[in-house]
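Spelled out from the first residue to the last, the chains are:
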Amino acid sequence: MASYNDLVNIPTFEKRKEEFSQERGEVTFYCRDCQKNVEAVRLHPEKYIYECPLCKGKRISIGTEGSVKEVYSRRR
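(A) Quick look at the pattern of salt bridges. Applying the stated rule across the entire model yields two salt bridges. Residue R59 is joined to D33 by a salt bridge in which the shortest nitrogen-to-oxygen separation is 2.7 Å. Within this pair, whereas R59 is found in the loop between β4 (50-51) and β5 (60-64), its partner D33 is found in the loop between β1 (27-31) and β2 (36-38), the two being separated by 26 residues in sequence. Taking the relative accessible area as the measure of exposure, R59 reaches 41% and is therefore partly exposed. According to the relative accessible area criterion, D33 is partly exposed, its value standing at 39%.

(B) Region of the structure containing the packing of aromatic side chains. Under the counting rule described, the total for this entry stands at two aromatic pairs. Seen in terms of ring centroids, F29 and Y50 are 4.7 Å apart; in terms of plane orientation they differ by 50 degrees. Their pairing is tilted. Of this pair, F29 sits in strand β1 while Y50 sits in strand β4, placing them 21 residues apart in sequence. For the pair formed by F29 and Y50, the shared burial category is buried. Lying over the aromatic face of Y48, R42 brings its terminal NZ or CZ to 4.5 Å of the ring centre.

(C) The arrangement of the sheet that holds β2 in detail. The sheet built from three strands is open, its strands ordered β2-β1-β5 with antiparallel pairing. Looking at the sheet topology across the chains shown, the edges are occupied by β2 and β5. Recorded for the sheet is a direction-independent mean angle of 40 degrees between the axes of neighbouring strands. Looking at chain direction, β1 and β5 are connected through five bridges and run antiparallel. Residue pairing for β5: V27 is matched across the bridge by T64.

Each value, and the rule that gives it
- Residues numbered from 1 in each chain as written.
- Predicted model: local features only at pLDDT ≥ 70, side-chain atom pairs only at ≥ 80, totals over all residues.
- Heavy atoms only, no water.
- Salt bridge = Lys/Arg side-chain N within 4 Å of Asp/Glu carboxyl O.
- Helix = DSSP H or I, 4+ residues; strand = E, 2+ residues; numbered from the N terminus.
- Buried < 20%, exposed > 50% of the residue type's maximum accessible area, 1.4 Å probe, protein only.
- Phe/Tyr/Trp six-rings, centres within 6.5 Å; stacked < 30°, edge-to-face > 60°.
- Lys NZ or Arg CZ within 6 Å of the ring centre and 35° of its normal.
- Pairing = 2+ DSSP bridges.
- Axes fitted to C-alpha atoms, helices over the stretch in contact; angles between N-to-C directions.

So, in structure tokens, the structure goes:
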């Protein structure tokens, strides 16, 4: 499972420093196809491309448990 420190190296973070709140929960993967939290499989060790083990979809979002729940509960 990825940690927050792994994610700060993603290019979209650029040079910003993000404050991480432990109250938001652990980092999790959310399959937008299955609409479930999953243990995504990293397809390439040097790229942030993941696959859902349930549906084999590649539309995976990464975030804290709190942020994923907040964003995707509004879309239903």
